[in-house]
Amino acid sequence: MNQDTIVALSTSPGIGAIAVIRLSGPEAIELTNHVFHGKDLTKQESHTIHFGTLRDGSKIVDEVLVSLFIAPRSFTRENVVEISCHGSPYIVRQIIQLLLKQGARLAKAGEFTQRAFLNGQFDLAQAEAVADLINADSEASHRAAMNQMRGGFSDQIKALREELIHFASMIELELDFGEEDVEFADRDDLKKLINQLLSAINPLIDSFALGNVIKNGIPTVIAGKPNAGKSTLLNALLNEEKAIVSNIPGTTRDFIEDELNIGGVVFRFIDTAGLRDTEDTIEKIGVARTEEQMKKASLILYLIDLEDDTVVELHRALNKLENLGIPFLLIGNKGDSAKPEMRTALEKIPGSIVISAGTKENLEGLKDRILEVVHLEDFKTGDTIVTNVRHYDNLFKTKQALQDVLNGLDNNITGDFLAMDIRQSLHYLGEITGEITTDDLLANIFSKFCIGK
Ligand code: GDP
(Lines give C-alpha, C1' and ligand atoms only; values in the text may rest on other atoms or scores of the structure.)
Protein backbone atom coordinates (compact mmCIF):
# COMPACT_ATOMS: atom_id res chain seq x y z
CA MET A 1 0.00 0.00 0.00
CA ASN A 2 1.35 3.45 -0.90
CA GLN A 3 1.70 5.81 2.02
CA ASP A 4 1.89 9.06 0.12
CA THR A 5 -0.88 10.91 -1.64
CA ILE A 6 -0.34 11.98 -5.21
CA VAL A 7 -1.91 14.81 -7.16
CA ALA A 8 -2.00 15.78 -10.84
CA LEU A 9 -4.09 17.50 -13.43
CA SER A 10 -6.01 14.72 -15.17
CA THR A 11 -7.57 16.65 -18.03
CA SER A 12 -5.40 17.99 -20.83
CA PRO A 13 -3.40 21.11 -20.03
CA GLY A 14 -4.49 24.44 -21.44
CA ILE A 15 -7.64 26.50 -21.24
CA GLY A 16 -10.96 24.68 -20.99
CA ALA A 17 -14.40 25.13 -19.53
CA ILE A 18 -13.43 22.90 -16.63
CA ALA A 19 -10.33 21.02 -15.52
CA VAL A 20 -10.15 17.99 -13.26
CA ILE A 21 -7.42 17.62 -10.65
CA ARG A 22 -7.11 14.17 -9.18
CA LEU A 23 -5.66 12.99 -5.87
CA SER A 24 -5.04 9.42 -4.81
CA GLY A 25 -3.73 8.04 -1.54
CA PRO A 26 -4.66 7.56 2.11
CA GLU A 27 -4.73 11.32 2.84
CA ALA A 28 -6.52 12.42 -0.33
CA ILE A 29 -9.75 13.36 1.44
CA GLU A 30 -8.21 14.97 4.55
CA LEU A 31 -5.78 17.00 2.45
CA THR A 32 -8.55 18.38 0.32
CA ASN A 33 -10.72 18.99 3.36
CA HIS A 34 -8.07 21.33 4.84
CA VAL A 35 -8.53 23.81 2.02
CA PHE A 36 -12.18 23.14 1.16
CA HIS A 37 -14.95 25.34 2.49
CA GLY A 38 -18.29 23.59 2.40
CA LYS A 39 -19.29 20.32 4.01
CA ASP A 40 -16.80 18.31 6.07
CA LEU A 41 -15.51 15.99 3.34
CA THR A 42 -14.21 13.42 5.83
CA LYS A 43 -17.77 12.72 6.91
CA GLN A 44 -19.26 12.16 3.45
CA GLU A 45 -20.03 8.91 1.71
CA SER A 46 -18.19 7.43 -1.25
CA HIS A 47 -19.40 8.41 -4.74
CA THR A 48 -20.82 11.77 -3.68
CA ILE A 49 -20.19 15.24 -5.12
CA HIS A 50 -19.88 18.44 -3.07
CA PHE A 51 -19.93 22.09 -4.03
CA GLY A 52 -17.71 24.57 -2.18
CA THR A 53 -14.70 26.86 -2.43
CA LEU A 54 -11.01 26.15 -2.20
CA ARG A 55 -9.17 28.69 -0.08
CA ASP A 56 -5.57 29.64 0.46
CA GLY A 57 -5.89 31.19 3.91
CA SER A 58 -8.69 33.70 3.46
CA LYS A 59 -8.20 33.98 -0.32
CA ILE A 60 -10.75 32.13 -2.46
CA VAL A 61 -8.89 30.33 -5.24
CA ASP A 62 -11.93 28.89 -7.03
CA GLU A 63 -15.43 27.52 -6.71
CA VAL A 64 -15.23 23.78 -7.27
CA LEU A 65 -17.06 20.47 -7.28
CA VAL A 66 -15.36 17.72 -5.30
CA SER A 67 -16.10 14.04 -6.06
CA LEU A 68 -15.20 11.44 -3.45
CA PHE A 69 -14.28 7.83 -4.06
CA ILE A 70 -13.44 6.01 -0.86
CA ALA A 71 -11.04 3.04 -0.95
CA PRO A 72 -11.33 0.45 -2.32
CA ARG A 73 -14.17 1.69 -4.56
CA SER A 74 -12.00 3.80 -6.85
CA PHE A 75 -9.83 3.52 -9.94
CA THR A 76 -6.64 3.11 -7.88
CA ARG A 77 -8.43 1.30 -5.04
CA GLU A 78 -7.11 4.06 -2.76
CA ASN A 79 -9.01 7.12 -1.56
CA VAL A 80 -9.50 9.26 -4.63
CA VAL A 81 -10.68 12.86 -4.85
CA GLU A 82 -11.48 14.56 -8.12
CA ILE A 83 -11.69 18.33 -8.03
CA SER A 84 -13.53 19.92 -10.94
CA CYS A 85 -12.41 23.52 -11.13
CA HIS A 86 -12.54 26.25 -13.76
CA GLY A 87 -10.27 25.37 -16.65
CA SER A 88 -7.69 28.10 -16.33
CA PRO A 89 -4.04 27.03 -16.18
CA TYR A 90 -3.51 29.69 -13.47
CA ILE A 91 -6.24 28.28 -11.24
CA VAL A 92 -5.02 24.70 -11.83
CA ARG A 93 -1.50 25.71 -10.78
CA GLN A 94 -2.78 27.50 -7.68
CA ILE A 95 -4.89 24.53 -6.59
CA ILE A 96 -2.11 21.99 -7.16
CA GLN A 97 0.33 24.16 -5.20
CA LEU A 98 -2.21 24.47 -2.41
CA LEU A 99 -2.52 20.69 -2.23
CA LEU A 100 1.26 20.21 -2.34
CA LYS A 101 1.52 22.54 0.63
CA GLN A 102 -0.91 20.30 2.50
CA GLY A 103 1.43 17.35 1.97
CA ALA A 104 0.46 15.81 -1.36
CA ARG A 105 3.18 15.11 -3.91
CA LEU A 106 3.10 15.50 -7.69
CA ALA A 107 2.22 12.25 -9.44
CA LYS A 108 4.75 10.69 -11.79
CA ALA A 109 3.83 9.69 -15.34
CA GLY A 110 1.33 6.85 -15.27
CA GLU A 111 1.36 6.66 -11.48
CA PHE A 112 -2.42 6.50 -11.07
CA THR A 113 -2.61 3.56 -13.44
CA GLN A 114 0.45 1.96 -11.85
CA ARG A 115 -1.22 2.14 -8.44
CA ALA A 116 -4.37 0.65 -9.89
CA PHE A 117 -2.27 -2.24 -11.22
CA LEU A 118 -0.30 -2.72 -8.00
CA ASN A 119 -3.52 -2.73 -5.98
CA GLY A 120 -4.96 -5.47 -8.19
CA GLN A 121 -7.51 -3.40 -10.09
CA PHE A 122 -6.38 -5.04 -13.33
CA ASP A 123 -3.41 -6.86 -14.80
CA LEU A 124 -0.51 -5.38 -16.67
CA ALA A 125 -1.84 -6.01 -20.16
CA GLN A 126 -5.05 -4.27 -19.17
CA ALA A 127 -3.13 -1.33 -17.69
CA GLU A 128 -1.28 -0.95 -20.96
CA ALA A 129 -4.60 -1.05 -22.77
CA VAL A 130 -5.69 2.01 -20.76
CA ALA A 131 -2.87 3.94 -22.44
CA ASP A 132 -3.77 2.54 -25.84
CA LEU A 133 -7.41 3.41 -25.32
CA ILE A 134 -6.60 7.02 -24.53
CA ASN A 135 -4.36 7.21 -27.59
CA ALA A 136 -6.72 5.36 -29.92
CA ASP A 137 -7.71 7.61 -32.78
CA SER A 138 -9.59 5.23 -35.01
CA GLU A 139 -12.48 2.84 -34.57
CA ALA A 140 -10.27 -0.20 -35.15
CA SER A 141 -7.55 0.78 -32.66
CA HIS A 142 -10.22 1.75 -30.15
CA ARG A 143 -11.86 -1.65 -30.54
CA ALA A 144 -8.55 -3.51 -30.10
CA ALA A 145 -7.64 -1.51 -26.98
CA MET A 146 -11.11 -1.83 -25.50
CA ASN A 147 -11.04 -5.59 -26.06
CA GLN A 148 -7.67 -5.82 -24.33
CA MET A 149 -8.69 -3.57 -21.45
CA ARG A 150 -11.74 -5.69 -20.80
CA GLY A 151 -9.41 -8.64 -20.36
CA GLY A 152 -10.06 -10.72 -23.50
CA PHE A 153 -6.39 -11.07 -24.26
CA SER A 154 -5.27 -11.57 -20.65
CA ASP A 155 -7.82 -14.31 -19.99
CA GLN A 156 -6.48 -16.35 -22.87
CA ILE A 157 -2.88 -15.94 -21.69
CA LYS A 158 -3.77 -16.79 -18.12
CA ALA A 159 -5.61 -19.96 -19.12
CA LEU A 160 -2.62 -21.14 -21.15
CA ARG A 161 -0.31 -20.41 -18.27
CA GLU A 162 -2.45 -22.37 -15.80
CA GLU A 163 -2.20 -25.48 -17.95
CA LEU A 164 1.55 -25.16 -18.18
CA ILE A 165 1.93 -24.63 -14.44
CA HIS A 166 0.12 -27.90 -13.89
CA PHE A 167 2.60 -29.76 -16.07
CA ALA A 168 5.60 -27.98 -14.59
CA SER A 169 4.56 -29.08 -11.12
CA MET A 170 4.12 -32.67 -12.26
CA ILE A 171 7.62 -32.71 -13.68
CA GLU A 172 9.05 -31.04 -10.62
CA LEU A 173 7.35 -33.68 -8.52
CA GLU A 174 9.24 -36.30 -10.54
CA LEU A 175 12.48 -34.53 -9.69
CA ASP A 176 11.65 -34.82 -6.00
CA PHE A 177 11.70 -38.57 -6.39
CA GLY A 178 15.30 -38.34 -7.50
CA GLU A 179 16.76 -41.60 -8.70
CA GLU A 180 13.49 -43.49 -8.82
CA ASP A 181 12.19 -44.01 -12.32
CA VAL A 182 8.78 -42.42 -12.03
CA GLU A 183 6.93 -40.33 -14.58
CA PHE A 184 4.00 -38.34 -13.25
CA ALA A 185 3.93 -36.23 -16.34
CA ASP A 186 3.06 -38.41 -19.27
CA ARG A 187 5.43 -37.34 -22.06
CA ASP A 188 2.85 -37.87 -24.80
CA ASP A 189 0.33 -35.77 -22.90
CA LEU A 190 2.92 -33.07 -22.37
CA LYS A 191 3.70 -33.08 -26.09
CA LYS A 192 0.01 -32.77 -26.83
CA LEU A 193 -0.33 -29.84 -24.44
CA ILE A 194 2.70 -28.06 -25.87
CA ASN A 195 1.27 -28.44 -29.35
CA GLN A 196 -2.06 -27.09 -28.13
CA LEU A 197 -0.28 -24.16 -26.57
CA LEU A 198 1.66 -23.50 -29.73
CA SER A 199 -1.49 -23.53 -31.80
CA ALA A 200 -3.03 -21.01 -29.40
CA ILE A 201 0.04 -18.80 -29.34
CA ASN A 202 0.81 -18.84 -33.04
CA PRO A 203 -2.38 -17.01 -34.10
CA LEU A 204 -1.66 -14.42 -31.40
CA ILE A 205 1.84 -13.95 -32.77
CA ASP A 206 0.49 -13.76 -36.31
CA SER A 207 -2.17 -11.28 -35.23
CA PHE A 208 0.53 -8.78 -34.33
CA ALA A 209 1.09 -7.87 -37.97
CA LEU A 210 -2.57 -6.90 -38.09
CA GLY A 211 -2.56 -5.47 -34.56
CA ASN A 212 0.38 -3.29 -35.41
CA VAL A 213 -1.28 -1.81 -38.46
CA ILE A 214 -4.48 -1.26 -36.53
CA LYS A 215 -2.61 0.63 -33.86
CA ASN A 216 -0.16 2.50 -36.03
CA GLY A 217 -1.98 2.72 -39.35
CA ILE A 218 -1.46 0.73 -42.52
CA PRO A 219 1.67 1.93 -44.30
CA THR A 220 0.40 2.72 -47.76
CA VAL A 221 2.39 3.79 -50.78
CA ILE A 222 0.95 5.65 -53.73
CA ALA A 223 3.15 4.70 -56.66
CA GLY A 224 3.16 5.25 -60.39
CA LYS A 225 5.07 7.18 -63.03
CA PRO A 226 5.65 10.90 -62.58
CA ASN A 227 2.55 12.84 -63.57
CA ALA A 228 0.27 9.85 -63.11
CA GLY A 229 -1.60 11.97 -60.55
CA LYS A 230 -0.24 10.66 -57.25
CA SER A 231 -0.11 14.03 -55.53
CA THR A 232 -3.51 14.95 -56.92
CA LEU A 233 -4.96 11.71 -55.55
CA LEU A 234 -3.36 12.15 -52.14
CA ASN A 235 -4.69 15.70 -52.00
CA ALA A 236 -8.12 14.64 -53.10
CA LEU A 237 -8.13 11.94 -50.44
CA LEU A 238 -6.81 14.14 -47.69
CA ASN A 239 -8.85 17.04 -48.94
CA GLU A 240 -6.11 19.51 -48.45
CA GLU A 241 -2.97 20.68 -50.12
CA LYS A 242 -0.39 18.53 -48.39
CA ALA A 243 1.50 17.29 -51.38
CA ILE A 244 3.04 19.36 -54.11
CA VAL A 245 0.95 19.21 -57.23
CA SER A 246 2.85 20.17 -60.27
CA ASN A 247 2.90 19.79 -64.02
CA ILE A 248 6.65 19.22 -63.98
CA PRO A 249 7.38 15.49 -63.90
CA GLY A 250 9.22 14.36 -60.79
CA THR A 251 8.78 17.39 -58.58
CA THR A 252 7.38 15.46 -55.66
CA ARG A 253 10.73 14.41 -54.28
CA ASP A 254 10.11 14.29 -50.60
CA PHE A 255 7.98 11.76 -48.86
CA ILE A 256 4.96 13.26 -47.26
CA GLU A 257 3.36 11.05 -44.72
CA ASP A 258 -0.23 11.55 -43.91
CA GLU A 259 -3.01 9.67 -42.39
CA LEU A 260 -6.44 8.94 -43.67
CA ASN A 261 -9.22 7.22 -41.82
CA ILE A 262 -11.25 4.97 -44.10
CA GLY A 263 -14.10 3.05 -42.51
CA GLY A 264 -12.49 3.22 -39.06
CA VAL A 265 -9.07 2.06 -40.24
CA VAL A 266 -6.06 4.38 -40.38
CA PHE A 267 -3.96 4.40 -43.53
CA ARG A 268 -0.58 6.06 -43.29
CA PHE A 269 0.26 7.41 -46.73
CA ILE A 270 3.79 7.65 -47.96
CA ASP A 271 3.96 9.83 -51.06
CA THR A 272 6.57 8.79 -53.57
CA ALA A 273 8.75 10.37 -56.19
CA GLY A 274 7.67 8.35 -59.20
CA LEU A 275 8.98 5.14 -60.63
CA ARG A 276 10.52 5.88 -63.98
CA ASP A 277 14.10 5.37 -64.97
CA THR A 278 15.75 8.73 -65.11
CA GLU A 279 19.13 10.37 -65.56
CA ASP A 280 18.40 13.05 -62.98
CA THR A 281 20.43 12.23 -59.85
CA ILE A 282 18.04 13.65 -57.31
CA GLU A 283 15.26 11.89 -59.09
CA LYS A 284 17.25 8.64 -59.00
CA ILE A 285 17.50 8.79 -55.22
CA GLY A 286 13.77 9.32 -55.22
CA VAL A 287 13.20 6.25 -57.38
CA ALA A 288 15.42 4.04 -55.22
CA ARG A 289 13.62 5.22 -52.13
CA THR A 290 10.29 4.61 -53.77
CA GLU A 291 11.17 0.99 -54.42
CA GLU A 292 12.30 0.69 -50.81
CA GLN A 293 9.09 2.22 -49.56
CA MET A 294 7.05 -0.10 -51.76
CA LYS A 295 8.70 -3.08 -50.12
CA LYS A 296 7.99 -1.68 -46.67
CA ALA A 297 4.37 -0.89 -47.42
CA SER A 298 1.45 -3.09 -46.48
CA LEU A 299 -0.60 -1.69 -49.32
CA ILE A 300 0.41 -0.25 -52.67
CA LEU A 301 -1.91 2.00 -54.60
CA TYR A 302 -0.45 1.95 -58.09
CA LEU A 303 -1.61 4.68 -60.44
CA ILE A 304 -1.76 4.14 -64.18
CA ASP A 305 -2.05 7.29 -66.27
CA LEU A 306 -4.91 6.38 -68.61
CA GLU A 307 -4.18 9.47 -70.69
CA ASP A 308 -0.47 8.96 -71.13
CA ASP A 309 0.71 5.43 -70.27
CA THR A 310 0.82 2.59 -72.79
CA VAL A 311 -0.67 -0.90 -72.58
CA VAL A 312 2.88 -2.32 -72.44
CA GLU A 313 3.66 -0.12 -69.42
CA LEU A 314 0.44 -1.23 -67.77
CA HIS A 315 1.38 -4.90 -68.01
CA ARG A 316 4.94 -4.27 -66.94
CA ALA A 317 3.64 -2.51 -63.81
CA LEU A 318 1.19 -5.32 -63.11
CA ASN A 319 3.96 -7.88 -63.42
CA LYS A 320 6.21 -6.00 -61.04
CA LEU A 321 3.44 -5.62 -58.47
CA GLU A 322 2.57 -9.31 -58.61
CA ASN A 323 6.21 -10.20 -58.01
CA LEU A 324 6.44 -7.97 -54.93
CA GLY A 325 3.83 -10.07 -53.15
CA ILE A 326 2.38 -7.08 -51.27
CA PRO A 327 -1.36 -6.34 -51.44
CA PHE A 328 -1.89 -3.79 -54.18
CA LEU A 329 -4.61 -1.96 -56.02
CA LEU A 330 -4.19 -1.05 -59.67
CA ILE A 331 -5.86 2.30 -60.25
CA GLY A 332 -6.47 3.82 -63.65
CA ASN A 333 -6.34 7.58 -63.14
CA LYS A 334 -7.51 10.40 -65.40
CA GLY A 335 -10.67 8.52 -66.29
CA ASP A 336 -12.02 11.84 -67.53
CA SER A 337 -9.50 12.03 -70.36
CA ALA A 338 -8.57 8.36 -70.82
CA LYS A 339 -7.39 6.84 -74.11
CA PRO A 340 -10.15 4.31 -74.96
CA GLU A 341 -7.68 1.43 -75.49
CA MET A 342 -6.08 2.11 -72.09
CA ARG A 343 -9.42 2.14 -70.32
CA THR A 344 -10.34 -1.17 -72.00
CA ALA A 345 -6.96 -2.74 -71.16
CA LEU A 346 -7.22 -1.69 -67.51
CA GLU A 347 -10.80 -2.80 -67.12
CA LYS A 348 -9.77 -6.29 -68.24
CA ILE A 349 -7.56 -6.64 -65.16
CA PRO A 350 -9.62 -8.09 -62.32
CA GLY A 351 -9.82 -5.94 -59.21
CA SER A 352 -8.63 -2.77 -60.91
CA ILE A 353 -10.56 0.48 -60.70
CA VAL A 354 -10.90 3.62 -62.82
CA ILE A 355 -10.98 7.00 -61.09
CA SER A 356 -10.29 10.59 -61.84
CA ALA A 357 -8.32 12.20 -59.03
CA GLY A 358 -8.50 15.58 -60.77
CA THR A 359 -12.29 15.67 -60.90
CA LYS A 360 -12.67 13.60 -57.69
CA GLU A 361 -14.62 10.99 -59.60
CA ASN A 362 -15.16 7.55 -58.01
CA LEU A 363 -13.11 8.32 -54.89
CA GLU A 364 -15.75 6.67 -52.72
CA GLY A 365 -15.50 3.54 -54.90
CA LEU A 366 -11.74 3.68 -54.44
CA LYS A 367 -12.07 3.81 -50.65
CA ASP A 368 -14.35 0.77 -50.72
CA ARG A 369 -11.83 -1.14 -52.87
CA ILE A 370 -8.99 -0.16 -50.50
CA LEU A 371 -10.88 -1.67 -47.57
CA GLU A 372 -11.55 -4.81 -49.60
CA VAL A 373 -7.88 -5.23 -50.47
CA VAL A 374 -6.67 -5.04 -46.87
CA HIS A 375 -9.65 -7.14 -45.75
CA LEU A 376 -9.75 -6.35 -42.09
CA GLU A 377 -13.10 -8.07 -41.74
CA ASP A 378 -11.28 -10.97 -40.04
CA PHE A 379 -10.68 -8.56 -37.21
CA LYS A 380 -14.33 -7.66 -36.85
CA THR A 381 -15.17 -11.19 -35.73
CA GLY A 382 -13.78 -10.27 -32.29
CA ASP A 383 -10.64 -12.40 -32.40
CA THR A 384 -7.94 -11.51 -29.95
CA ILE A 385 -5.37 -9.28 -31.56
CA VAL A 386 -1.96 -8.46 -30.17
CA THR A 387 -1.18 -4.78 -30.64
CA ASN A 388 1.58 -4.36 -28.09
CA VAL A 389 5.17 -4.97 -29.14
CA ARG A 390 6.12 -6.07 -25.61
CA HIS A 391 3.44 -8.75 -25.66
CA TYR A 392 4.51 -9.83 -29.12
CA ASP A 393 8.10 -10.17 -27.92
CA ASN A 394 7.08 -12.26 -24.95
CA LEU A 395 4.79 -14.49 -26.99
CA PHE A 396 7.61 -15.02 -29.44
CA LYS A 397 10.01 -15.98 -26.63
CA THR A 398 7.36 -18.26 -25.14
CA LYS A 399 7.07 -19.99 -28.49
CA GLN A 400 10.82 -20.53 -28.65
CA ALA A 401 10.89 -21.91 -25.13
CA LEU A 402 7.99 -24.23 -25.93
CA GLN A 403 9.81 -25.43 -28.99
CA ASP A 404 12.80 -26.15 -26.79
CA VAL A 405 10.51 -28.28 -24.63
CA LEU A 406 9.35 -30.18 -27.73
CA ASN A 407 12.91 -30.70 -28.94
CA GLY A 408 13.86 -31.84 -25.46
CA LEU A 409 11.05 -34.38 -25.47
CA ASP A 410 12.15 -35.72 -28.84
CA ASN A 411 15.70 -36.09 -27.57
CA ASN A 412 14.62 -37.64 -24.25
CA ILE A 413 16.35 -35.02 -22.17
CA THR A 414 16.12 -35.30 -18.41
CA GLY A 415 13.28 -33.90 -16.32
CA ASP A 416 15.32 -31.09 -14.83
CA PHE A 417 16.12 -29.64 -18.25
CA LEU A 418 12.51 -30.03 -19.31
CA ALA A 419 11.39 -28.25 -16.17
CA MET A 420 13.80 -25.43 -16.93
CA ASP A 421 12.41 -24.86 -20.41
CA ILE A 422 8.86 -24.97 -19.11
CA ARG A 423 9.70 -22.49 -16.38
CA GLN A 424 11.17 -20.25 -19.06
CA SER A 425 7.88 -20.29 -21.00
CA LEU A 426 5.95 -19.61 -17.80
CA HIS A 427 8.15 -16.65 -17.10
CA TYR A 428 7.54 -15.03 -20.48
CA LEU A 429 3.80 -15.62 -20.32
CA GLY A 430 3.68 -14.26 -16.77
CA GLU A 431 5.39 -11.06 -17.81
CA ILE A 432 2.61 -10.26 -20.23
CA THR A 433 -0.11 -10.04 -17.63
CA GLY A 434 2.18 -8.90 -14.83
CA GLU A 435 2.08 -12.05 -12.71
CA ILE A 436 5.83 -11.74 -12.96
CA THR A 437 7.20 -8.21 -12.85
CA THR A 438 10.39 -6.38 -12.18
CA ASP A 439 10.76 -2.73 -11.17
CA ASP A 440 12.50 -2.02 -14.46
CA LEU A 441 9.68 -3.49 -16.46
CA LEU A 442 7.07 -1.47 -14.57
CA ALA A 443 9.07 1.74 -14.75
CA ASN A 444 9.51 1.24 -18.45
CA ILE A 445 5.82 0.65 -19.10
CA PHE A 446 4.37 3.39 -16.93
CA SER A 447 6.87 6.05 -17.89
CA LYS A 448 5.27 5.98 -21.35
CA PHE A 449 2.01 7.23 -19.87
CA CYS A 450 1.60 10.92 -19.31
CA ILE A 451 1.28 12.61 -15.94
CA GLY A 452 -2.24 12.48 -14.56
CA LYS A 453 -3.02 9.07 -16.07
P1 GDP B 1 2.40 12.94 -59.73
O2 GDP B 1 3.68 13.34 -60.37
O3 GDP B 1 2.10 11.51 -59.98
O4 GDP B 1 2.30 13.30 -58.29
O5 GDP B 1 1.22 13.72 -60.53
P6 GDP B 1 0.43 15.03 -60.11
O7 GDP B 1 -0.54 14.74 -59.08
O8 GDP B 1 1.40 16.12 -59.90
O9 GDP B 1 -0.40 15.29 -61.44
C10 GDP B 1 0.22 15.53 -62.69
C11 GDP B 1 -0.72 16.26 -63.60
O12 GDP B 1 -1.85 15.45 -63.92
C13 GDP B 1 -1.30 17.55 -63.01
O14 GDP B 1 -1.35 18.54 -64.01
C15 GDP B 1 -2.70 17.16 -62.59
O16 GDP B 1 -3.58 18.26 -62.63
C17 GDP B 1 -3.06 16.14 -63.65
N18 GDP B 1 -4.08 15.22 -63.18
C19 GDP B 1 -4.10 14.52 -62.01
N20 GDP B 1 -5.21 13.78 -61.92
C21 GDP B 1 -5.93 13.99 -63.03
C22 GDP B 1 -7.19 13.50 -63.53
O23 GDP B 1 -7.88 12.71 -62.89
N24 GDP B 1 -7.59 13.93 -64.77
C25 GDP B 1 -6.84 14.80 -65.50
N26 GDP B 1 -7.30 15.15 -66.67
N27 GDP B 1 -5.68 15.29 -65.06
C28 GDP B 1 -5.21 14.91 -63.85
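Residues numbered from 1 in each chain as written. Predicted model: local features only at pLDDT ≥ 70, side-chain atom pairs only at ≥ 80, totals over all residues. Heavy atoms only, no water.

**Student:** Explain a negative patch on the surface to me, please; I cannot follow it from the model alone.
**Tutor:** A contiguous patch of negative charge, built from Glu 307, Asp 308, Asp 336 and Glu 361, is present on the exposed surface. Structurally, Glu 361 is set in the loop between β13 (353-354) and α12 (363-373). (Patch = residues over 30% accessible without salt bridge, like charges linked within 9 Å, V, L, I, M, F, W, Y side chains within 5 Å. Areas by Shrake-Rupley, 256 points an atom, 1.4 Å probe, with all protein chains shown as cover. Salt bridge = Lys/Arg side-chain N within 4 Å of Asp/Glu carboxyl O. Lys, Arg positive; Asp, Glu negative; His and termini not counted. Charge placed at Lys NZ, Arg CZ, Asp CG, Glu CD. Helix = DSSP H or I, 4+ residues; strand = E, 2+ residues; numbered from the N terminus.)

**Student:** Teacher, can you tell me more about helix α4 (residues 124-135) here?
**Tutor:** Because the α-helix completes a turn every 3.6 residues, residues three or four places apart line up on one side. For α4, which comprises twelve residues, the first-to-last C-alpha distance of 17 Å matches the rise-based estimate of 16 Å (1.5 Å per residue) to within 8%. Extensive coverage of α4 is indicated by the burial of nine of its twelve residues. Inspection of α4 places Leu 124, Ala 125, Gln 126, Ala 127, Glu 128, Ala 129, Val 130, Ala 131 and Asp 132 among the buried residues, and these make up the whole buried set. A side-chain oxygen of the first residue of α4 lies 2.9 Å from the backbone nitrogen of Gln 126; this N-cap is Asp 123. (Expected span 1.5 Å × (residues − 1). Buried < 20%, exposed > 50% of the residue type's maximum accessible area, 1.4 Å probe, protein only. Polar contact = N/O pair within 3.5 Å; in protein donor to acceptor, adjacent residues only side chain to side chain.)

**Student:** Before we go on, may I ask you to explain the pattern of salt bridges in this structure?
**Tutor:** Two side chains bearing opposite charge may form a pair once their charged atoms approach each other closely. All chains considered together, the criterion is met by 17 salt bridges. If you follow the salt bridges from partner to partner, you end up with Asp 4, Glu 78, Arg 105, Glu 111 and Arg 115 in one network.

**Student:** Any chance you could explain the sheet that holds strand β7 (residues 105-106) here in plain terms?
**Tutor:** A sheet is described by the order of its strands in space; here seven strands give the open sequence β3-β4-β5-β6-β2-β1-β7, paired in mixed fashion. Single-partner strands in this sheet number two, and they are β3 (36-37) and β7. Sheet analysis places strand β1 (residues 6-9) next to β7, joined by two bridges and oriented parallel. Within β7, the position partnered with Ile 6 by the bridge is Arg 105. Contacts between helix α2 (residues 89-101) and the sheet are confined to β1, β2 (16-24), β4 (48-56), β5 (59-69), β6 (80-87) and β7, with β5 contributing the most and set at about 70 degrees to the helix. Lying on the sheet, helix α3 (residues 111-118) is in contact with β1, β2 and β7; it crosses β1 at an angle near 135 degrees. (Pairing = 2+ DSSP bridges. Contact = heavy atoms within 4.5 Å. Axes fitted to C-alpha atoms, helices over the stretch in contact; angles between N-to-C directions.)

**Student:** Please clarify how the nonpolar core should be interpreted in this entry.
**Tutor:** Generally speaking, nonpolar side chains in soluble globular proteins are found buried as a group. Counting residues in hydrophobic clusters, the biggest one holds 31 residues, and the most contacted among them are Leu 233, Phe 267, Ile 331 and Leu 366. When residues no more than four places from it in sequence are discounted, the contact partners of Phe 267 are Ile 218, Thr 220, Asp 258, Glu 259, Leu 260, Ile 262, Leu 299, Ile 370, Leu 371 and Val 374. In terms of nonpolar packing, the next biggest core, distinct from the first, is built from 28 residues, Ala 185, Ile 194, Ile 205 and Leu 409 among them. (Core = buried A, V, L, I, M, F, W, Y, C linked by side-chain atoms within 4.5 Å.)

**Student:** I would appreciate a short explanation of the UniProt feature "binding site: K(+)" (unreviewed entry) in the chain in the present structure.
**Tutor:** As annotated by UniProt and renumbered to match this structure, "binding site: K(+)" (unreviewed entry) occupies Asn 227, Ser 246, Ile 248 and Thr 251. On the secondary structure map, Asn 227 appears in the loop between β8 (218-224) and α8 (230-238). (UniProt positions renumbered as here; feature names shortened; annotations may be inferred.)

**Student:** Would you mind showing me how to read a nonpolar patch on the surface here?
**Tutor:** Residues Ile 49, Phe 51 and Leu 65 make up a contiguous nonpolar surface patch of about 320 Å² in total accessible area. Following the sequence through the fold, Phe 51 ends up in strand β4. We classify Phe 51 as exposed; its relative accessible area is 54%.

**Student:** Explain the environment of Asn 388 here, please?
**Tutor:** Mapped onto the fold, Asn 388 is located in the loop between α13 (377-380) and α14 (389-410). With relative accessibility at 9%, the residue Asn 388 sits in the buried group. When neighbours within four sequence positions are excluded, Asn 388 is seen to be in contact with Glu 128, Phe 208 and Lys 215.

**Student:** What am I meant to see in the UniProt feature "binding site: Mg(2+)" (unreviewed entry) in the chain here?
**Tutor:** In the numbering adopted here, UniProt assigns the feature "binding site: Mg(2+)" (unreviewed entry) to Ser 231 and Thr 252. Accessibility expressed as a relative area gives 9% for Ser 231, which makes it buried.

**Student:** Please explain helix α15 (residues 415-433) as it appears in this structure.
**Tutor:** With 19 residues, α15 extends 27 Å between its outermost C-alpha atoms, agreeing within 8% with the 27 Å of an ideal straight helix rising 1.5 Å per residue. Gly 434 sits one or two positions beyond α15 and adopts a positive phi of about 90 degrees.

**Student:** Where do I start with the pairing of β6 in this structure?
**Tutor:** Side chains on a regular strand alternate between the two faces of the sheet. Sheet topology places β2 next to β6; eight bridges connect them, and they run antiparallel. Among the inter-strand pairings, Arg 22 is bridged to a residue of β6, identified as Glu 82. Both β5 and β6 contribute to a ladder of five bridges, which runs antiparallel. Across the sheet, residue Phe 69 finds its bridge partner in β6, namely Val 80.

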